[in-house]
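Fold and contact review
If you want the building blocks of each chain, they are given just below.
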Amino acid sequence: MRVKSYSEAVKLARCAGEDAANRRMRKAGRKAWSEADQAHAVNVTQGILADLGFDIPDWVATAGFPRNEPPEPKATRKSRRRPDQAPVQLSLAFG
């Protein structure tokens, strides 16, 4: 599988982390995640993202500073012009 974007990598890593935590939970005989299961899911997710080349530990360490991701694209404005044609009036009278 080829990962083309950061958002795709996050989805893949998050699913793997959740699966790992679910296996750990079931192996312990629980029906809900514990705090340790949550921490395990986070560690697996961060590990996979790091293996894919995303420097997550440094991003977390620089939280609050300007992002080191590429800038967001500028939003384009929609035109507010009215259409050239007038609306069509339909007549539904029978008879």
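In the block above lies the structure referred to throughout.
Read on for an overview of the structure. (Residues numbered from 1 in each chain as written. Predicted model: local features only at pLDDT ≥ 70, side-chain atom pairs only at ≥ 80, totals over all residues. Heavy atoms only, no water.)

As enumerated under the stated definition, the model contains one aromatic pair in all. An angle of 65 degrees between the planes, with centres 5.2 Å apart, marks the rings of Tyr6 and Phe54 as edge-to-face. With Tyr6 in helix 1 (residues 6-27) and Phe54 in the loop between helix 2 (35-51) and helix 3 (56-61), this pair connects stretches of sequence that are 48 residues apart. The exposure class assigned to Tyr6 is partly exposed, which follows from its relative accessible area of 30%. (Phe/Tyr/Trp six-rings, centres within 6.5 Å; stacked < 30°, edge-to-face > 60°. Helix = DSSP H or I, 4+ residues; strand = E, 2+ residues; numbered from the N terminus. Buried < 20%, exposed > 50% of the residue type's maximum accessible area, 1.4 Å probe, protein only.)

Time to look at the side chain of Asp37. Note that Asp37 resides in helix 2. Look at Asp37 and you get buried, because its relative accessible area is 0%. At 2.4 Å, the side chain of Asp37 forms a polar contact with the side chain of Arg30. Engagement of the side chain of Asp37 in a polar contact is seen with the backbone nitrogen of Ser34, the distance being 3.0 Å. In contact with Asp37, not counting residues within four places along its chain, are Ala21, Arg24, Met25, Arg30 and Ala32. (Polar contact = N/O pair within 3.5 Å; in protein donor to acceptor, adjacent residues only side chain to side chain. Contact = heavy atoms within 4.5 Å.)

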